[in-house]
Amino acid sequence: MTNSLPEMAEIWQQTLNWQPSAHQQGQFQRLYHLILEGNRQLNLTRITDPQEFWEKHLWDSLRGIALKGEFITSLKEGASVIDIGTGAGFPGIPVTIIAPNCTITLMDSTRKKITFIETVLTELALTNAKTLVARAEEIGQQPKHRQAYDVALIRAVGTASVCAEYTLPLLKQGGLAIIYRGNWTEDETTGLENAVKQLGGVIEAIEKFTTPLSQSIRHCVYLRKVASTPVQFPRATGVPTQKPL
Ligand code: SAM
(Lines give C-alpha, C1' and ligand atoms only; values in the text may rest on other atoms or scores of the structure.)
Protein backbone atom coordinates (compact mmCIF):
# COMPACT_ATOMS: atom_id res chain seq x y z
CA MET A 1 0.00 0.00 0.00
CA THR A 2 1.35 3.45 -0.81
CA ASN A 3 1.33 6.10 1.85
CA SER A 4 1.71 3.57 4.58
CA LEU A 5 3.71 4.68 7.58
CA PRO A 6 6.71 2.57 8.62
CA GLU A 7 6.39 0.90 12.05
CA MET A 8 9.96 1.42 13.24
CA ALA A 9 9.39 -0.65 16.39
CA GLU A 10 13.11 -1.17 16.94
CA ILE A 11 13.95 2.51 16.60
CA TRP A 12 11.19 3.49 19.02
CA GLN A 13 12.56 0.94 21.45
CA GLN A 14 16.21 1.96 21.07
CA THR A 15 15.63 5.71 21.20
CA LEU A 16 12.73 6.10 23.64
CA ASN A 17 12.57 2.73 25.39
CA TRP A 18 8.96 2.51 24.23
CA GLN A 19 6.87 1.11 21.36
CA PRO A 20 3.42 2.10 20.14
CA SER A 21 0.64 -0.43 20.72
CA ALA A 22 -1.19 -1.73 17.64
CA HIS A 23 -3.98 0.72 18.48
CA GLN A 24 -1.57 3.67 18.68
CA GLN A 25 0.13 2.58 15.45
CA GLY A 26 -3.33 2.62 13.79
CA GLN A 27 -3.93 6.13 15.14
CA PHE A 28 -0.57 7.32 13.76
CA GLN A 29 -1.48 5.86 10.36
CA ARG A 30 -4.93 7.47 10.40
CA LEU A 31 -3.40 10.81 11.44
CA TYR A 32 -1.00 10.63 8.51
CA HIS A 33 -3.86 10.00 6.07
CA LEU A 34 -5.96 12.82 7.51
CA ILE A 35 -3.04 15.22 7.16
CA LEU A 36 -2.44 14.19 3.55
CA GLU A 37 -6.14 14.75 2.87
CA GLY A 38 -6.25 18.02 4.80
CA ASN A 39 -3.22 19.29 2.89
CA ARG A 40 -5.35 19.48 -0.27
CA GLN A 41 -7.30 22.36 1.22
CA LEU A 42 -5.07 23.74 3.95
CA ASN A 43 -1.37 24.37 3.99
CA LEU A 44 -0.73 22.00 6.91
CA THR A 45 2.77 20.65 6.28
CA ARG A 46 5.39 20.25 3.57
CA ILE A 47 6.35 16.89 5.04
CA THR A 48 4.30 14.25 3.22
CA ASP A 49 6.72 11.39 2.49
CA PRO A 50 5.88 8.52 4.91
CA GLN A 51 9.42 8.09 6.30
CA GLU A 52 9.92 11.81 6.65
CA PHE A 53 6.50 12.20 8.30
CA TRP A 54 7.38 9.45 10.74
CA GLU A 55 10.71 11.06 11.62
CA LYS A 56 9.96 14.79 11.58
CA HIS A 57 6.43 14.74 12.94
CA LEU A 58 5.91 11.56 14.98
CA TRP A 59 9.36 10.72 16.28
CA ASP A 60 10.43 14.34 16.78
CA SER A 61 7.22 15.17 18.68
CA LEU A 62 7.73 12.26 21.08
CA ARG A 63 11.50 12.66 21.44
CA GLY A 64 10.86 16.08 22.97
CA ILE A 65 8.80 14.69 25.84
CA ALA A 66 11.64 12.35 26.80
CA LEU A 67 14.44 13.46 29.12
CA LYS A 68 17.52 11.27 29.42
CA GLY A 69 15.95 8.57 27.23
CA GLU A 70 12.58 8.12 29.02
CA PHE A 71 9.23 9.90 28.78
CA ILE A 72 8.95 12.55 31.50
CA THR A 73 7.23 11.15 34.57
CA SER A 74 4.48 13.79 34.79
CA LEU A 75 2.95 12.25 31.64
CA LYS A 76 2.30 9.01 33.51
CA GLU A 77 0.74 10.97 36.35
CA GLY A 78 -2.02 12.59 34.29
CA ALA A 79 -0.41 15.95 33.64
CA SER A 80 -2.24 18.92 32.21
CA VAL A 81 -0.38 19.78 28.99
CA ILE A 82 -0.66 22.66 26.51
CA ASP A 83 0.80 22.74 23.00
CA ILE A 84 1.22 26.38 21.95
CA GLY A 85 1.04 27.08 18.20
CA THR A 86 0.20 23.45 17.48
CA GLY A 87 -0.44 24.07 13.73
CA ALA A 88 -1.44 20.73 12.23
CA GLY A 89 -1.12 19.18 15.70
CA PHE A 90 2.60 18.82 16.43
CA PRO A 91 3.87 17.92 18.89
CA GLY A 92 0.44 17.84 20.62
CA ILE A 93 -1.46 15.11 18.73
CA PRO A 94 1.25 12.41 19.02
CA VAL A 95 1.48 13.29 22.74
CA THR A 96 -2.33 12.97 23.04
CA ILE A 97 -2.11 9.51 21.44
CA ILE A 98 0.59 8.18 23.74
CA ALA A 99 -0.51 9.81 27.02
CA PRO A 100 -4.19 8.87 27.50
CA ASN A 101 -4.12 9.85 31.20
CA CYS A 102 -3.14 13.42 30.40
CA THR A 103 -5.33 16.27 29.25
CA ILE A 104 -3.79 18.06 26.29
CA THR A 105 -4.88 21.52 25.17
CA LEU A 106 -4.09 22.03 21.48
CA MET A 107 -3.87 25.76 20.91
CA ASP A 108 -3.28 27.91 17.85
CA SER A 109 -4.16 31.42 16.76
CA THR A 110 -5.47 30.15 13.38
CA ARG A 111 -9.11 28.98 13.48
CA LYS A 112 -8.75 26.85 10.31
CA LYS A 113 -5.97 24.75 11.81
CA ILE A 114 -7.95 24.16 14.98
CA THR A 115 -11.01 23.15 12.93
CA PHE A 116 -8.85 20.58 11.16
CA ILE A 117 -7.54 19.31 14.51
CA GLU A 118 -11.11 18.93 15.81
CA THR A 119 -11.83 16.59 12.87
CA VAL A 120 -8.70 14.59 13.67
CA LEU A 121 -9.65 14.23 17.34
CA THR A 122 -13.10 12.92 16.36
CA GLU A 123 -11.76 10.53 13.71
CA LEU A 124 -9.10 9.14 16.06
CA ALA A 125 -11.58 8.94 18.97
CA LEU A 126 -9.21 10.98 21.14
CA THR A 127 -11.12 12.21 24.17
CA ASN A 128 -8.19 13.49 26.25
CA ALA A 129 -7.59 16.65 24.19
CA LYS A 130 -9.24 20.07 24.09
CA THR A 131 -8.82 22.73 21.44
CA LEU A 132 -8.38 26.47 21.82
CA VAL A 133 -8.17 29.29 19.27
CA ALA A 134 -6.13 31.97 21.01
CA ARG A 135 -2.84 33.79 21.19
CA ALA A 136 -0.25 32.85 23.76
CA GLU A 137 0.07 36.50 24.82
CA GLU A 138 -3.66 36.64 25.68
CA ILE A 139 -4.16 33.38 27.53
CA GLY A 140 -1.00 33.98 29.56
CA GLN A 141 -2.92 36.79 31.28
CA GLN A 142 -6.20 34.87 31.76
CA PRO A 143 -6.78 33.30 35.20
CA LYS A 144 -8.21 30.17 33.55
CA HIS A 145 -4.90 29.46 31.81
CA ARG A 146 -2.20 31.32 33.75
CA GLN A 147 -0.31 28.99 36.10
CA ALA A 148 -2.69 26.18 35.05
CA TYR A 149 -0.46 23.65 33.24
CA ASP A 150 2.14 21.08 34.27
CA VAL A 151 3.79 20.92 30.85
CA ALA A 152 3.92 23.45 27.97
CA LEU A 153 5.16 22.32 24.55
CA ILE A 154 6.21 24.67 21.77
CA ARG A 155 7.72 23.84 18.38
CA ALA A 156 8.57 26.22 15.53
CA VAL A 157 6.70 29.22 16.93
CA GLY A 158 9.48 31.76 17.59
CA THR A 159 12.91 32.39 19.04
CA ALA A 160 13.75 30.71 22.33
CA SER A 161 13.14 33.81 24.45
CA VAL A 162 9.74 34.35 22.77
CA CYS A 163 8.91 30.71 23.50
CA ALA A 164 9.95 31.24 27.13
CA GLU A 165 7.63 34.25 27.43
CA TYR A 166 4.75 32.27 25.88
CA THR A 167 5.21 29.14 27.98
CA LEU A 168 6.40 30.07 31.50
CA PRO A 169 3.36 32.22 32.52
CA LEU A 170 1.08 29.24 31.72
CA LEU A 171 2.94 26.82 33.96
CA LYS A 172 2.22 25.93 37.56
CA GLN A 173 5.19 26.29 39.86
CA GLY A 174 7.35 23.20 39.29
CA GLY A 175 6.00 22.81 35.73
CA LEU A 176 8.13 22.12 32.67
CA ALA A 177 8.34 23.98 29.34
CA ILE A 178 9.75 22.07 26.39
CA ILE A 179 11.08 24.17 23.52
CA TYR A 180 11.78 22.18 20.34
CA ARG A 181 14.67 23.58 18.30
CA GLY A 182 16.85 22.69 15.33
CA ASN A 183 20.30 24.12 15.85
CA TRP A 184 21.40 25.66 19.11
CA THR A 185 24.46 27.71 20.11
CA GLU A 186 26.10 28.70 23.40
CA ASP A 187 25.19 32.33 22.70
CA GLU A 188 21.54 31.35 22.58
CA THR A 189 21.89 29.74 26.01
CA THR A 190 23.26 33.00 27.44
CA GLY A 191 20.44 35.06 25.88
CA LEU A 192 17.79 32.61 27.03
CA GLU A 193 19.14 32.50 30.61
CA ASN A 194 18.51 36.22 30.93
CA ALA A 195 14.92 35.91 29.63
CA VAL A 196 14.10 32.87 31.72
CA LYS A 197 15.33 34.51 34.93
CA GLN A 198 12.90 37.42 34.43
CA LEU A 199 10.03 34.98 33.87
CA GLY A 200 10.49 32.84 37.01
CA GLY A 201 12.22 29.89 35.35
CA VAL A 202 15.56 28.12 35.06
CA ILE A 203 17.10 26.17 32.20
CA GLU A 204 16.95 22.61 33.49
CA ALA A 205 18.50 20.82 30.53
CA ILE A 206 19.40 21.23 26.89
CA GLU A 207 19.47 17.95 25.01
CA LYS A 208 21.12 17.57 21.63
CA PHE A 209 20.18 14.60 19.48
CA THR A 210 20.26 13.32 15.92
CA THR A 211 17.10 12.16 14.23
CA PRO A 212 17.20 8.42 13.55
CA LEU A 213 16.64 8.32 9.76
CA SER A 214 18.18 11.44 8.24
CA GLN A 215 20.64 12.09 11.06
CA SER A 216 19.61 15.73 11.38
CA ILE A 217 20.62 17.71 14.46
CA ARG A 218 17.93 18.74 16.92
CA HIS A 219 17.83 20.29 20.38
CA CYS A 220 15.23 20.43 23.09
CA VAL A 221 15.44 23.05 25.79
CA TYR A 222 13.73 22.20 29.09
CA LEU A 223 12.74 25.09 31.35
CA ARG A 224 11.55 24.55 34.91
CA LYS A 225 9.27 27.10 36.54
CA VAL A 226 10.71 27.85 39.97
CA ALA A 227 8.98 31.12 40.92
CA SER A 228 5.80 32.90 39.88
CA THR A 229 6.02 34.94 36.68
CA PRO A 230 5.78 38.72 37.25
CA VAL A 231 2.38 40.15 36.22
CA GLN A 232 3.74 42.14 33.27
CA PHE A 233 4.51 38.87 31.39
CA PRO A 234 3.50 37.84 28.83
CA ARG A 235 3.48 41.32 27.30
CA ALA A 236 0.78 42.42 24.84
CA THR A 237 0.30 40.64 21.50
CA GLY A 238 3.30 41.13 19.24
CA VAL A 239 5.59 42.68 21.88
CA PRO A 240 7.45 39.44 22.76
CA THR A 241 8.53 39.04 19.11
CA GLN A 242 9.21 42.74 18.50
CA LYS A 243 11.15 43.35 21.71
CA PRO A 244 12.47 39.96 22.81
CA LEU A 245 13.64 39.77 26.43
N1 SAM B 1 3.98 23.48 16.14
C2 SAM B 1 3.66 23.10 14.76
C3 SAM B 1 4.79 22.29 14.17
O4 SAM B 1 5.89 22.29 14.73
O5 SAM B 1 4.57 21.61 13.14
C6 SAM B 1 3.31 24.30 13.90
C7 SAM B 1 4.41 25.30 13.70
S8 SAM B 1 3.92 26.66 12.66
C9 SAM B 1 5.44 27.08 11.91
C10 SAM B 1 3.63 27.95 13.85
C11 SAM B 1 2.21 27.97 14.38
O12 SAM B 1 2.16 28.82 15.52
C13 SAM B 1 1.20 28.51 13.38
O14 SAM B 1 0.15 27.57 13.25
C15 SAM B 1 0.72 29.83 14.01
O16 SAM B 1 -0.65 30.07 13.75
C17 SAM B 1 0.99 29.60 15.49
N18 SAM B 1 1.30 30.80 16.28
C19 SAM B 1 2.26 31.72 16.04
N20 SAM B 1 2.29 32.66 17.00
C21 SAM B 1 1.32 32.33 17.90
C22 SAM B 1 0.85 32.91 19.12
N23 SAM B 1 1.40 34.02 19.59
N24 SAM B 1 -0.14 32.28 19.78
C25 SAM B 1 -0.70 31.15 19.28
N26 SAM B 1 -0.31 30.56 18.14
C27 SAM B 1 0.68 31.14 17.45
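Residues numbered from 1 in each chain as written. Predicted model: local features only at pLDDT ≥ 70, side-chain atom pairs only at ≥ 80, totals over all residues. Heavy atoms only, no water.

- Naming follows an unreviewed UniProt entry, where the protein chain appears as Ribosomal RNA small subunit methyltransferase G of Nostoc linckia z8.
- Word for word, the UniProt comment on the protein chain under Function (unreviewed entry) is "Specifically methylates the N7 position of a guanine in 16S rRNA."
- Turning to the protein chain, the UniProt record has this under Subcellular location (unreviewed entry): "Cytoplasm". (UniProt positions renumbered as here; feature names shortened; annotations may be inferred.)

1. Here's the deal with the sheet that holds strand β3 (residues 80-84)
Then step 1. Spatially, β5-β4-β3-β6-β7-β9-β8 is the arrangement adopted by the seven strands of the open sheet, whose pairing is mixed. With one partner strand each, in any of the chains shown, β5 (129-133) and β8 (201-210) form the two edges of the open sheet. Pairwise comparison of adjacent strand axes, ignoring direction, gives a mean angle of 20 degrees for this sheet.
Then step 2. Sitting on the sheet, helix α5 (residues 111-123) touches β4 (103-108) and β5, and the angle it makes with β5 is about 165 degrees. (Pairing = 2+ DSSP bridges. Helix = DSSP H or I, 4+ residues; strand = E, 2+ residues; numbered from the N terminus. Axes fitted to C-alpha atoms, helices over the stretch in contact; angles between N-to-C directions. Contact = heavy atoms within 4.5 Å.)

2. Focus: the pairing of strand β6 (residues 149-155)
Then step 1. Most of β6 is tucked away: six of the seven residues are buried.
Then step 2. Where β3 and β6 come together, four bridges link them in parallel fashion. The residue bridging Val81 from the neighbouring strand is Val151, located in β6.
Then step 3. The pairing of β6 with strand β7 (residues 171-181) spans six bridges and is parallel. Paired with Tyr149 across the two strands is Leu171, which belongs to β7.
Then step 4. Note that the unit made of β6, helix α7 (residues 160-167) and β7 has a crossover that is right-handed. (Buried < 20%, exposed > 50% of the residue type's maximum accessible area, 1.4 Å probe, protein only. Right-handed = clockwise from strand over helix to strand, strands pointing away.)

3. Re the packing of aromatic side chains
Then step 1. A complete count under the given rule lists seven aromatic pairs for this structure.
Then step 2. Between Trp18 and Phe71, the aromatic rings sit 5.5 Å apart at their centres with planes inclined by 65 degrees, giving edge-to-face as the arrangement. Of this pair, Trp18 sits in the loop between α1 (9-16) and α2 (22-38) while Phe71 sits in strand β2 (residues 70-71), and the two are 53 residues apart along the sequence. With respect to burial, Trp18 and Phe71 carry one shared label: buried.
Then step 3. For the ring pair Phe53 and Phe90, a centre distance of 5.9 Å and an interplane angle of 80 degrees mean the geometry is edge-to-face. Residue Phe53 is found in helix α3 (residues 50-64), and its partner Phe90 is found in the loop between β3 and α4 (92-98); the two are separated by 37 residues along the sequence.
Then step 4. Among the aromatic side chains, those forming a connected cluster through ring pairs are Trp12, Trp18, Phe28, Trp54 and Phe71.
Then step 5. Residue placement shows Arg63 over the ring face of Phe209; its charged tip is 4.2 Å from the ring centre. (Phe/Tyr/Trp six-rings, centres within 6.5 Å; stacked < 30°, edge-to-face > 60°. Lys NZ or Arg CZ within 6 Å of the ring centre and 35° of its normal.)

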